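What follows is the residue order along each chain.
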Amino acid sequence: MEAQDWIELSMRASFCLTGIIGNGLLGLRSLPKSRSQLRTGDILFINLAVSNLITNCLVDLPETMAHFVKTWLKSKEYCGVTQFSHEISETSSIFSTMFISMYWHQKLVGSTRRGGAPVQMDNLRLVAILLGGSWTVATAFSLPHIFIAEHDGNESLEVCEELFPSPAAKQTFDGMYLTLANVVPIVGITYATIQIVITLLRSQKRIKDRSSGTNPPPSSVAQRLEGTAERSMEASSERSPISNKISTHQPAPQKTQVRSNPSSGNHVRAAKSVVAVATIFIFCWFTHLVLRIYSSFRNSILAVKLTNFIGASYVCFVPYVYLHGVKKLNCPCW
């Protein structure tokens, strides 16, 4: 192999290994110790890890090994399996990212607007229906790739092509896929991310103003954030008789002090990781979309390889951002 091939192989192998470790760790660390501890956030993280591992194990790993066994790249079965695995993993990952963004939007924004009301997506049955529907849509858009994927027949180009019955069929399929499996989730991710960012900025500004002693008139969102935190503190103090005794002897003016709630801090940290992932996702998705549109009008092996590398980089780095955000990056066995 030439130097360019070795560079490509080393990058793909590093993405594959890092992605398998990161997504495997995200899935294992999200597993509950008991059934009673099963939570919506853990289910969504496990679903995302499974979606990404499909790409790592059934797309990146075979393509890495295929550099040594080039006959794999010229078979219809190889093209069909890799195209199907890539599409179902990509589509499911997009929906998983949307559900995670929606969940933390409800947890941080929606709950405060409703005065600390329960989060709707904490309903495990609702989450199961949403995930089942997303996998159904992903499978429906991915199955055709098994039958239309073919090797291009060029000995110098290791590219799988998709042979549609007609150009109109290709345009119809791409339009439906782009609308249902890309535009709709992206709109949801973008809306949830913007709302989370606005809420975080208002909360941070309110905390800085109170710590500096300016005390401006509180906004409605800031008031609800404080009210939610105070109710959480009061609920935890009611469960402890010692804290009740201490609180009864505290003077009234101390109620105006800024209170730190560890649970609220964890939620803010996790919400920031969701914003970071959404930003990375939107950038990768937009670049991936431009390259995909370009490759549909002109056959370019460089565009195909760049598209694959962008997808592999997203699948590789995203689990570590989530693990850092929910404080699960450290393993107790280490």
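Calculation criteria
- All residue numbers refer to positions counted from 1 along the written sequence of the respective chain.
- At least 70 in pLDDT is required for a residue's local features to be given in this predicted model, at least 80 for side-chain atom pairs to be given and counted, and no such filter applies to totals for whole chains, interfaces and linings, which use all residues.
- Water and hydrogen atoms were dropped before computing side-chain values, which therefore reflect all heavy atoms in the structure.
- The secondary structure listing takes helices from DSSP runs of H or I that are at least 4 residues long and strands from runs of E that are at least 2 residues long, numbered from the N terminus.
- Partly exposed describes any residue whose relative accessible area lies between the buried limit of under 20% and the exposed limit of over 50%, with all areas from a 1.4 Å probe on protein chains only and scaled to the type maximum.
- Using the Shrake-Rupley algorithm and a 1.4 Å probe, accessible areas are obtained, with residue cover drawn only from the displayed protein chains.
- One side-chain nitrogen of Lys or Arg within 4 Å of one carboxyl oxygen of Asp or Glu is enough to make a salt bridge.
- Two cysteine sulfur atoms form a disulfide, by the criterion used here, when they sit within 2.5 Å.
- Comment: axis = line fitted to C-alpha atoms, over the contacting stretch for helices; angle = value between 0 and 180 degrees taken between N-to-C directions.
- We call a crossing left-handed when the near helix sits turned anticlockwise from the far one by less than a right angle, and right-handed when that turn is clockwise.
- Contacts are assigned to residue pairs with any non-hydrogen atoms lying within 4.5 Å of each other.
- Any residue that is not Ala, Val, Leu, Ile, Met, Phe, Trp, Tyr, Cys, Pro, Asp, Glu, Lys or Arg is counted as polar, Gly included; the first ten are nonpolar and the last four charged.

### Points about the overall build of the chain
For the chain, the count of helices and strands is 10 helices and 2 strands. Helices (α) and strands (β) of the chain occur, in sequence order from the N terminus, as α-α-α-α-α-β-β-α-α-α-α-α. Sorting the 334 residues of the chain into buried and exposed places 41% on the buried side. Taken as a whole, the chain presents about 18,300 Å² of accessible surface, with 65% of it coming from carbon and sulfur.

### Some remarks on the pattern of salt bridges
Enumeration according to the criterion identifies 3 salt bridges in this entry. Between Arg12 and Asp60 there is a salt bridge, with the nearest N and O atoms lying 3.8 Å from each other. You can see Arg12 sitting in helix H1 (residues 3-30) and its partner Asp60 sitting in helix H2 (residues 40-65), a full 48 residues away along the chain. As far as burial versus exposure is concerned, Arg12 and Asp60 are alike and both buried. Here Lys170 ties to Asp174 by a salt bridge, and the two come within 3.3 Å at their closest N and O atoms. Within this pair, Lys170 and its partner Asp174 are both found in helix H6 (residues 167-212), separated by 4 residues, close to a single helical turn. Judged by its relative accessible area of 27%, Lys170 falls in the partly exposed class.

### Describing the state of the cysteines
Considering all chains together, one arrives at 0 disulfides under this definition. Summary of cysteine pairing: Cys57 is not part of a disulfide, and the nearest cysteine sulfur, belonging to Cys16, is at 6.8 Å. Of all cysteine sulfurs, the one in Cys16 lies closest to Cys316, which takes part in no disulfide; the gap is 9.5 Å.

### Considerations on the packing of H1 against helix H10 (residues 301-325)
Close contact between H1 and H10 brings their axes to 8 Å; oriented N to C, the two are set at 35 degrees. By crossing handedness, the relation of H1 to H10 is classed as left-handed. Listed contacts from H10 to Glu8, Met11, Arg12, Phe15, Thr18, Gly19, Ile21, Gly22, Asn23, Leu25, Leu26 and Arg29 of H1 are Lys305, Asn308, Phe309, Ala312, Ser313, Val315, Cys316, Phe317, Pro319, Tyr320, Tyr322 and Leu323. Taken together, the residues of the contact of H1 with H10 break down into 14 nonpolar, 6 polar and 4 charged.

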